[in-house]
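# Survey of secondary and tertiary structure
Single-letter residue listing:
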Amino acid sequence: VLSLASSRVNNINKDGGIIKIYPNPNQGEFTLNFTSNTTEQAFVTITNMLGEKVKELVISTNKTFDLKLDEPAGVYLISAPTSDGKYSGKVTITK
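A brief report on the enclosed structure follows. (Residues numbered from 1 in each chain as written. Predicted model: local features only at pLDDT ≥ 70, side-chain atom pairs only at ≥ 80, totals over all residues. Heavy atoms only, no water.)

Our focus in this paragraph is the sheet that holds strand β5 (residues 53-60). With antiparallel pairing, four strands are arranged side by side in an open sheet as β5-β4-β7-β8. Since the sheet does not close on itself, it has two edges, and those belong to β5 and β8 (85-93), each with one partner. Averaged over all pairs of adjacent strands, the angle between strand axes in this sheet comes to 20°, irrespective of strand direction. Two strands pair when backbone bridges link them, and strand β7 (residues 74-82) and β8 are joined in this way by nine bridges, in the antiparallel orientation. (Pairing = 2+ DSSP bridges. Helix = DSSP H or I, 4+ residues; strand = E, 2+ residues; numbered from the N terminus. Axes fitted to C-alpha atoms, helices over the stretch in contact; angles between N-to-C directions.)

Our next topic: the nonpolar core. One recurring pattern in soluble globular proteins is that nonpolar side chains are buried together. Residues Ile21, Phe30, Leu32, Phe34, Val44, Ile46 and Ile78 are the most contacted members of the largest nonpolar core, which totals 18 residues. When sequence neighbours within four positions are dropped, the list of residues in contact with Ile46 reads Glu52, Lys53, Val54, Lys55, Leu57, Leu67, Leu69, Tyr76, Leu77 and Ile78. (Core = buried A, V, L, I, M, F, W, Y, C linked by side-chain atoms within 4.5 Å. Buried < 20%, exposed > 50% of the residue type's maximum accessible area, 1.4 Å probe, protein only. Contact = heavy atoms within 4.5 Å.)

The next subject is the environment of Ile18. Its location among the elements puts Ile18 in strand β2 (residues 17-24). On the basis of relative accessible area, Ile18 is assigned to the partly exposed category, the value being 27%.

Below, the structure written as structure tokens:
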């Protein structure tokens, strides 16, 4: 369950790791951080609520990554499979 309070950090636990998305909600610019037991490349997919891919990227776990998502206001799903398991979360864009 994610809190949608302004400038809140959303931590989602997953099998020894955490995904942080902040600030959330935002205006299309936010930071991702996948905390994992191992440092590796994670293939991140961001989809809209219709299941359409809006962005794909590769980032390293255990590092912060600043992201700009130039999409309409709405809720977007973030998923990233790693050797620790599949991380997933939601980000809300309010323009």
